[in-house]
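Chain and residue survey
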Amino acid sequence: MNSHARVLVIGGGAVGCSALYHLTRLGWTDCVLVERDELTAGSTWHAAGNCPNFSTSWTILKLQRYSTALYARLAGEAGHEITYHATGSIRLAHTRDRADEFHHVLAQARAQGIDFELLSPAQISERHPFVELDGIRLGLWDPHDGDIDPAQLTQALARGAREGGATIHRQTRVTAIRRGPDGWRVETSAGTIDAEYVINAAGYRGGEIAAMIGEQLPIVTLSHQYLITDDIPALVERGAARLPLLRDPDVSYYLRQERHGLLLGPYEANAHARWLEGLPGEFAHQLFEDDLARIESYIEAACVRVPVLASAGIKRVINGPIPYAPDGNPLIGPAAGGANFFHCCAFTFGIAQAGGAGRAIAEWVVNGEPDWDLWSFDSRRYLARAEGGRALAKARETYRHEYGIGYPQEERAAGRPDKVSPIHDRLVERGAVFGARGGWERAVYYAIDGDPDGPGSSFRRPHWHRAVARECAAVAGGAALLDMPGFTRFEVTGAGAAAWLDHMIAGEVPPVGRTALSYLCSPRGGIVSEMTVSHLAEGLFWLVSAAAAERHDEHWLHTHLTQRHGPVGIANVTGDYGALVVTGPRSREVLAGITEAELSSRAFPWLAVRPIGIGDALVVAMRVSYAGELGWELHIPVGQVAAVYERLLAAGRPGSIAHFGLYAMESLRLEKCYRSWKADLTREYSPFAAALGRFVRLGKAADFIGREALRRAAAPTQLFVPLLVEARDADAAPVSIVHHGEERVGLVTSGGYGYRLDRSIALAYVRADLALPGTELEVEVLGERCPAVVAREPLYDPDNARLRA
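Throughout, a residue's number is its position along its own chain's written sequence, starting from 1. Residue-level local features of this predicted model are given only where pLDDT is at least 70; pairs of side-chain atoms are given and counted only at 80 or more, and the full residue set underlies all totals for whole chains, interfaces and linings. Note: side-chain values were computed over all heavy atoms of the structure, leaving out hydrogens and water.

Looking at unusual backbone geometry
What counts is decided by this rule: Only DSSP runs of H or I covering at least 4 residues are called helices, and only runs of E covering at least 2 are called strands; the numbering of each starts at the N terminus. In this scheme, a residue with accessible area under 20% of its type's maximum is buried, one over 50% is exposed, and one in between is partly exposed, where area comes from a 1.4 Å probe on protein chains only.
Look at the link from R416 to P417: it is a cis peptide, with omega at -5°. Structurally, the position occupied by P417 is in the loop between α10 (388-400) and α11 (424-429). Of the consecutive residues E793 and P794, the connecting peptide bond is found in the cis state with omega at -5°. Within the secondary structure layout, P794 lies in the loop between β38 (784-790) and α19 (801-804). Phi angles above zero are rare outside glycine, and Q171 is one such case at about 50°. Look at Q171 and you get partly exposed, because its relative accessible area is 44%.

What follows is the structure, encoded as structure tokens:
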């Protein structure tokens, strides 16, 4: 038993062995994996082994394609006995919305070099002769999809890791973890291991391992069933020719060949949770009892779609545990509560994602960050507090929608409301329709009598299009209010605060009384976070960022906290304040009616920050507006938000201030070309690529994080630009593809309709030589190439006269 390791991996499933394998490929050989039972125990051994590439997420598509390419290579190498059937797959579309999704994914897959193809019903029959095609519009073909033997894959990765110098200990249970002299001291049933780095790859036991370092992960264990039939004569007659994997997402099942039978796995509407009171001490190669009644309707639907299935008897039923985070994505990345401790667990699609996840977590450990921005997987996307019943409700909802259409926007209801503003009920009375952002309920639009009905989610402009247009007009023509609970806020204090912040941000630290948009960069120069830095007084700053960024940003700040510039303290004051945004050309008039503070442009200019009194409340007022109009963010002690809100409504004449929601704010910010964190701004882009060079001071005295990398990246190959798109009834969704002639030259990161400009807008990264205003391009929207032109930013109010008014 090793007593020391540079990296200790906990968990011997496909993901843990992939992490170990990739660590050795990066040159780190002093690595140890411990498994409480045998390799593949847990969820790996009983997995169906499907290997899709399909995803509506650019990053997940990239990660899964890496996995399938890796598996094909491993299967072809001598010494690795892996049963890997790259049969290709067909997804069926019953509806126009599903067809829209397929068109959208097809474009991004082809941009990544994956030859997806749309199939007519006749072409579906050519590739899968047993499918009945009643009600089918089209199919989506993925040539690299298929199935792999999970145990053989895991053993191949383990063998490769051992050949690279790593060590694996089976039957070695982790019993405790604490800080050690050089990192972490891990107690196991076979002895103690001191490790510099630890990777928690414990699958559905990942929460148990996290709890040993005082961290709670929102993991729910659900049971997933699939069945395997007896041999089917029609398949026996086909000999070695295998059917492509079939998915019927509008019904919610997958169906593939297993030897000379079929394997059917549904994602049923009523997901069954297990172990809500805690995991059993022993459950490694066991299964739950069969429960086919839960999936009977799906079996019947599949028998109608593929009649040969109905002719077969059931040979075996697999009903095993799989872990779910609330959104169904795994938990990957640094633990928020411990340096050099990483999570890589809670995989719902562990076989398909193991290869890419192992690569990413190894890069994170060895290089300090992965090549891909993995925010959708980042374990810090959830807050530290207990998720409790909300995690269960969201996990069950996610399972039910596992094959749901990946709309650009969808507000799912389970586990809500969770966190609400003090004025939530008042907004409900005014017709607010809510969505959750970072767990916080926020109004997305306001409905009134006479608004059209219809589904709230679509790849095309939905029924709330009219409501958003109305709200944008209210912002542009008068004064409007947006409730924004949950802004992340950190209070930075101390004599060394200014110097430390100068080391953290790429731009200048603002003087007292001013606020500045600031970017925190990684050592590679990628954008880690976007914050407004407000200098409230000498030695007193506020850092404000997105609600979803709270745990991520807190971890980054504390990881890089140093006292070498003088005393510095960081306090998380997120929960102490609410926020009301008041914006529009009449916002000064409305605000002047409830405060004695001087609000003139001379006394309170754009980008100024001041404490102002509103009734009994002392409010931190920032003259900034994400809407691109004259306006203020009012950060109000949470107990006084309701009182300030009532004063705003009462100010001036009745109806002098309107309400607007996040969908309107999204439209307004697109017209100003304001970037959105983790949509337009990720670690994969530098501030220079994002056309934010004006916020970078390479020559300042402070040696800020990422400066040397940015000096080398001053001429990026891709540049951020706004595009005006000649779209029809659908705007460019994120990860739409930009074309120049026959070349794919860019990627849309945000898109929508600008109601003030009455134009369809896309924000995109395009090849640098095409980033000049006036360049004619095309954006692929649901299979149609729409003419687009590069425009100059900002599109609306280009001189910022309205902001500065």
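That shown, we press on.
Things to note about the side chain of S457
What counts is decided by this rule: Between N or O atoms, a polar contact is any pair within 3.5 Å; within protein, one atom must be a potential hydrogen donor and the other a potential acceptor, and residues adjacent in sequence are included only when both atoms are from side chains.
In this fold, S457 is placed in the loop between β21 (440-446) and α12 (465-477). Looking at S457, its side chain comes within polar contact range of the main-chain oxygen of Q409, at 3.1 Å.

Here's the deal with the sheet that holds strand β30 (residues 617-622)
Short version of the rule: Think of it this way: DSSP has to see at least two bridges between two strands before they count as a pair. Note on contacts: a residue pair qualifies if any of its non-hydrogen atoms lie within 4.5 Å across the two residues. With axes taken as lines fitted to C-alpha atoms, and helix axes fitted only over the stretch in contact, angles between N-to-C directions fall between 0 and 180 degrees.
Spatial ordering of the open sheet is given by β29-β30-β31-β28-β22-β32, a layout of six strands whose pairing is mixed. The open sheet has two free edges, formed respectively by β29 (609-614) and β32 (658-659), since each of these has just one partner strand. Running over the sheet, helix α16 (residues 641-650) touches β22 (480-483), β28 (577-583), β29, β30, β31 (631-637) and β32 and is turned about 15° from β28.

Section: the sheet that holds strand β23 (residues 488-493)
With respect to topology, five strands assemble into an open sheet ordered β24-β25-β26-β23-β27, the strand pairing being antiparallel. Unpaired on one side and paired on the other, β24 (515-521) and β27 (569-572) mark the two borders of the sheet. The sheet shows a mean angle of 30° between the axes of neighbouring strands, direction not considered. Here strand β25 (residues 527-537) pairs with strand β26 (residues 540-545) via five bridges, running antiparallel. Considered in β26, the bridge of T532 is made with V544. Most of the contacts of helix α13 (residues 497-504) go to β26, to which it runs at about 30°, and overall it touches β23, β24, β25, β26 and β27.

A few points about the pairing of β24
When you tally the buried positions in β24, you get six out of seven residues, the bulk of the element. Pairing analysis gives seven bridges linking β24 to β25, with the strands arranged antiparallel. Bridging across to β25, T515 finds its partner in S534. Here β24 folds back onto β25 in antiparallel fashion, the turn holding five residues, of which G525 has a positive phi close to 95°.

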